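# A structural walkthrough
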Amino acid sequence: MRIDILTLFPEMCEAVLSESILKRARGAGLVEIHCRDIRPYTKDKHHRVDDSPYGGGFGLVMQAQPVYDCYRALCAELGKKPHLIYMSPAGQTLTQQKVKALSEMDNLVLLCGHYEGMDERVLEEIVDEEVSIGDYVLTGGELPALVLADSITRMQPGVLAADEAFEKESHYDFLLEYPQYTKPPVWMNRAVPEVLLTGHHGNIDRWQREQMLERTLKRRPDLLQKAQLTAADILYLRTFPESRDCPFLTDRLADCVEDYVRTQKKVSPTSLQRKFKMEYALAVRMLDILEQRGVVSAYEKGKPRTVLPSQGEEYVEISETE
């Protein structure tokens, strides 16, 4: 993958790109990142790239011509038009899912504004999309561009030791990362959780998953609406009082139960209780929701329920009793 950063301050960008994982990734040829100085493309004899804004106002605005000529020179070098992103507080807020999508592209150009912004006409001419790293304003687009370049680089094959290194991190699958610990085992009377010292990978994996779920529920419950959750995940979340503020979890659990019910010939609250390790009352509630969805017929005492068929399917009886 190749990333080009169009900036007035290439040395500033290079200082960050020449350290740590970014340096190693570039050195190993896993990613190309080039910093292209906009200033040499100005036609002003004093090398100015900005001027006062029409209509008045504070500060200076970057001119269209040097930005456009810098961009055109890059297109000629690449032999094609690359995807260009303008780093702007008015753009789409960057998320890990957006990073994943951008990391699959072959060429990206990150355009950095400065001063009071950039002449709108050049943005209309060359920009494919605008991206923001948050709802705040910085002095220029260089830091946001470096944030984006870093997040994309670490997604490239071979940059990290294994895909798992980023797949379990915060936001990758809309869950926050579990807490990390290292030596010593006890520090200031705080001990590392015992499960992490056992070497039992199954228990450790389960603990890590539960920590991710709990942290997300308590710190960023909004993310859970997009996360891939199993029935076991949802039942674990329901053990915390904060889950009462996430009514969508009930419908998500019903989705899981529906998938199971449609594979069975018979099912009852008791069988759901055994299958999902849920309370009996909750199992009854799940069947009530499936009835409202038209998945099962209404319960009549002494009579079995039926699964209402999807198109092309036959009726299947579902018994309320064992």
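Residues numbered from 1 in each chain as written. Predicted model: local features only at pLDDT ≥ 70, side-chain atom pairs only at ≥ 80, totals over all residues. Heavy atoms only, no water.

As enumerated under the stated definition, the model contains 2 aromatic pairs in all. Aromatic pair Tyr236 and Phe240: ring centres 5.3 Å apart, planes at 80 degrees, arrangement edge-to-face. Centre to centre, the rings of Tyr260 and Phe276 are 5.5 Å apart; their planes meet at 90 degrees, and the pair counts as edge-to-face. Here Tyr260 is found in helix α10 (residues 248-261), whereas its partner Phe276 is found in helix α11 (residues 269-276), with 16 residues between them in sequence. Of the two residues, Tyr260 and Phe276, neither departs from the other in class, the shared state being buried. (Phe/Tyr/Trp six-rings, centres within 6.5 Å; stacked < 30°, edge-to-face > 60°. Helix = DSSP H or I, 4+ residues; strand = E, 2+ residues; numbered from the N terminus. Buried < 20%, exposed > 50% of the residue type's maximum accessible area, 1.4 Å probe, protein only.)

Within a regular strand, side chains alternate between the sheet's two faces. When strand β5 (residues 83-93) meets strand β6 (residues 107-112), the two strands line up parallel, connected through 5 bridges. Note that in β6 the partner of Leu84 across the bridge is Val109. Between β5 and its parallel partner β6, the chain crosses via helix α4 (residues 96-103), and the hand of that crossover is right-handed. The pairing of β5 with strand β7 (residues 129-132) spans 5 bridges and is parallel. (Pairing = 2+ DSSP bridges. Right-handed = clockwise from strand over helix to strand, strands pointing away.)

As a further point, take a nonpolar patch on the surface. Side chains of Met12, Tyr136, Leu138 and Leu143 sit close together on the surface and give an oily, nonpolar patch of about 360 Å² of accessible area. Assignment of secondary structure puts Leu143 in helix α6 (residues 142-153). (Patch = residues over 30% accessible without salt bridge, like charges linked within 9 Å, V, L, I, M, F, W, Y side chains within 5 Å. Areas by Shrake-Rupley, 256 points an atom, 1.4 Å probe, with all protein chains shown as cover. Salt bridge = Lys/Arg side-chain N within 4 Å of Asp/Glu carboxyl O.)

Within the secondary structure, Glu129 sits in strand β7. For Glu129, a relative accessible area of 15% corresponds to the buried category. Among the polar contacts listed, one links the side chain of Glu129 to the side chain of His83, at a separation of 2.7 Å. Residues contacting Glu129, with those up to four places away along its chain left out, are His83, Leu84, Ile85, Tyr86, Gln92, Lys98 and Leu102. (Polar contact = N/O pair within 3.5 Å; in protein donor to acceptor, adjacent residues only side chain to side chain. Contact = heavy atoms within 4.5 Å.)

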